[in-house]
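Spelled out from the first residue to the last, the chains are:
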Amino acid sequence: MRKAKTTKAPYLFIAPALILLLLFSIIPIFVAFFISFTDMSLVGLADWSQIKFVAFKNYQDIVLDPVFLKSIKNTLFYVVFGVPVVIALSMGLALMINFGKNRIFSAFRMIFYTPAITNVVAVAVVFAYLYNPSFGFLNYLLSLLHIDAVPWLTNPVMAKISLIILGVWRAVGANMLIFLAAIQGIPKELYEAASLDGASKRQQTWYITIPSLRFSTFFVTVTTLIGWLQFFEEPFVLTNGGPLDSTTSVALFIYRNGFQLSKFGYAAAGSFILFAAIIIVTLLQFRMQRKNAENQL
């Protein structure tokens, strides 16, 4: 009897979390998958009898939608340029803070982490002022150097770069703490042995610290990649996808069709295409990590 109670105890502890996961994650996924095969709209919400099953029509239409195709290109642009910069800066800042001798490096930990916990709407208001083409602070600084004003949010390419700068600024802090925790977990004996062998600080960083961060680098890469594939808040609050949909991400496209145009079935189809892309990319990352681990063995 006591053994049976002991066996059930762990399940009782995790039951609340599993119930919440089931109600707010797993069940909605299946509901959204069903909706993606219908023409559900606000009319359908009011009267379910008005909902029609359209099979794969939403998927056929969305892959031919020029705005959706443009949002895919924009999202790939964010991923290709945003992810490497976030990883490199996060690791570089973690190394600087951990090995820095000055007291100011301790304050840098909070300074660089603050953007991660700052409200994105407040941040967008500040960056909107910084990027303003007429009286923005950045163009003011450029004018002091006799450089022409930059169309930060009005040029299609420059607008994407501006959003990447904002996204990187917000993402670096949290990933920096992950790298910092991993660095502080590296055994000190490795550095002591390297010092006895005559290795310089740079050599210790390159041959001890960075290789020891491979698991944290893998974690940061996967989570950062997923985050940039779901890039939404920055283009939504700063540009609303403009100019001419040049900053519209896939997540913003889904939001616009689902919550602004009330095309729930169409938006659900887009969300599952994004979901499939995230799953594929994540599986590829795990496969590459497994191959690297096998090669090292």
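Residues numbered from 1 in each chain as written. Predicted model: local features only at pLDDT ≥ 70, side-chain atom pairs only at ≥ 80, totals over all residues. Heavy atoms only, no water.

As annotated in an unreviewed UniProt entry, the protein carries the name Sugar ABC transporter permease and comes from Candidatus Enterococcus myersii. Looking at the Sequence similarities (unreviewed entry) heading of the UniProt record, one finds this comment for the protein: "Belongs to the binding-protein-dependent transport system permease family." (UniProt positions renumbered as here; feature names shortened; annotations may be inferred.)

Engineer: Before we go on, may I ask you to explain the overall build of the protein in this structure?
Structural biologist: Counting its regular elements, the protein contains 14 helices and 0 strands. Along its sequence from the N terminus, the protein presents helices and strands in the succession α-α-α-α-α-α-α-α-α-α-α-α-α-α. Projected onto its principal axes, the C-alpha positions of the protein cover 80 × 75 × 35 Å. For the protein, buried positions account for 35% of its 297 residues. For the protein, the share of sequence-separated contacts (at least 6 apart) that also reach a separation of at least 24 residues comes to 67%. Of the roughly 18,300 Å² that the protein leaves accessible, carbon and sulfur atoms contribute 71%. (Helix = DSSP H or I, 4+ residues; strand = E, 2+ residues; numbered from the N terminus. Buried < 20%, exposed > 50% of the residue type's maximum accessible area, 1.4 Å probe, protein only. Contact = heavy atoms within 4.5 Å. Areas by Shrake-Rupley, 256 points an atom, 1.4 Å probe, with all protein chains shown as cover.)

Engineer: Teacher, can you tell me more about the UniProt feature "domain: ABC transmembrane type-1" (unreviewed entry) in the protein here?
Structural biologist: Here the UniProt-annotated "domain: ABC transmembrane type-1" (unreviewed entry) positions come out as residues 72–285. Helix makes up 76% of residues 72–285 and strand 0%, whereas the separation of the span's terminal C-alpha atoms amounts to 20 Å.

Engineer: What am I meant to see in the packing of aromatic side chains here?
Structural biologist: Centre distance and the angle of the planes are the two values used to describe a pair of aromatic rings. Counting across every chain of the model gives 22 aromatic pairs. Taken together, a centroid distance of 5.1 Å and an interplanar angle of 80° make the contact between phenylalanine 218 and phenylalanine 286 edge-to-face. In this pair, phenylalanine 218 is assigned in helix H11 (residues 214–229) and phenylalanine 286 in helix H14 (residues 264–296), connecting sequence segments 68 residues apart. Residue classification places phenylalanine 218 among the buried residues on the basis of a relative accessible area of 16%. Three or more aromatic residues link up through ring pairs in this structure, and these residues are Phe33, Phe37, Phe53, Phe56, Tyr59, Phe272 and Phe275. Its guanidinium or amino end placed over the ring of phenylalanine 77, lysine 160 lies 5.5 Å from that ring's centre, counting from NZ or CZ. In this structure, lysine 263 packs its charged tip against the face of tyrosine 266, placed 4.5 Å from the ring centre. (Phe/Tyr/Trp six-rings, centres within 6.5 Å; stacked < 30°, edge-to-face > 60°. Lys NZ or Arg CZ within 6 Å of the ring centre and 35° of its normal.)

Engineer: Please clarify how the layout of surface pockets should be interpreted in this entry.
Structural biologist: It is the rolling of a water-molecule-sized probe over the atoms that shows where space remains empty. Looking at the largest pocket, its volume works out to about 680 Å³. Along the wall of the largest pocket there are 21 residues; nearest its centre are Ala32, Ile254, Ala267, Ala268 and Ser271. Elements that contribute at least two residues to the lining of the largest pocket include exactly helix H1 (2–35), helix H13 (250–260) and H14. Among the elements that make up the lining of the largest pocket, the one with the highest residue count is H14 (8 residues). Of the residues in the lining of the largest pocket, the class split is 17 nonpolar, 4 polar and no charged. Taken together, 15 residues make up the lining of the second largest pocket; nearest its centre are Gly167, Arg170, Ala171, Gly227 and Glu234. Elements represented by at least two residues in the lining of the second largest pocket include exactly helix H8 (156–184), H11 and helix H12 (233–238). With 5 residues, H8 is the single largest residue contributor to the lining of the second largest pocket. (1 Å grid on protein atoms, 1.4 Å probe; cavity = no way out; pocket = protein on both sides within 12 Å on 5 of 7 lines; lining within 4 Å. Points joined across faces, edges and corners; volume = space filled by probe spheres on them. Nonpolar A, V, L, I, M, F, W, Y, C, P; charged D, E, K, R; others polar.)

Engineer: Honestly, unusual backbone geometry in this entry has me stumped. Any pointers?
Structural biologist: Among all residues except glycine, the phi angle is most often negative; among peptide bonds, the trans geometry is most common. Across the junction of glycine 242 and proline 243, the peptide omega takes the value -5°, indicating a cis bond. In this structure, proline 243 sits in the loop between H12 and H13. Even without being a glycine, leucine 244 presents a positive backbone phi close to 55°. Here leucine 244 lies in the loop between H12 and H13. Relative accessible area serves as the criterion here: at 73%, leucine 244 is assigned to the exposed category. Located in the positive-phi region is serine 262, a residue other than glycine, with phi close to 60°. Structurally, serine 262 can be placed in the loop between H13 and H14. Owing to a relative accessible area of 14%, serine 262 belongs among the buried residues under this scheme.

Engineer: What is the right way to read the UniProt feature "transmembrane region" (unreviewed entry) in the protein from this model?
Structural biologist: UniProt records the feature "transmembrane region" (unreviewed entry) for residues 12–35, 76–99, 111–131, 161–186, 206–229 and 267–286 in the present numbering. Span residues 111–131 is 71% helix and 0% strand, its end C-alpha atoms 22 Å apart.

Engineer: Can you help me understand the environment of valine 125 in this one?
Structural biologist: In this structure, valine 125 sits in helix H6 (residues 120–131). Note: C-alpha distance between valine 125 and valine 237 (112 residues apart in sequence) is 8.5 Å.

Engineer: Please clarify how the pattern of salt bridges should be interpreted in this entry.
Structural biologist: Pairs may arise between side chains of opposite charge once their charged atoms sit close together. Evaluated as defined, the whole model comprises 4 salt bridges. Put simply, arginine 256 and aspartate 245 hold a salt bridge, and the shortest N to O gap is 3.0 Å. Taken together, the residues arginine 256 in helix H13 and aspartate 245 in the loop between H12 and H13 connect sequence positions 11 residues apart. Aspartate 245 gets classed as partly exposed once you look at its relative accessible area, which sits at 23%. Residues joined in a network through salt bridges with shared partners are Arg170, Glu233 and Glu234. (Salt bridge = Lys/Arg side-chain N within 4 Å of Asp/Glu carboxyl O.)

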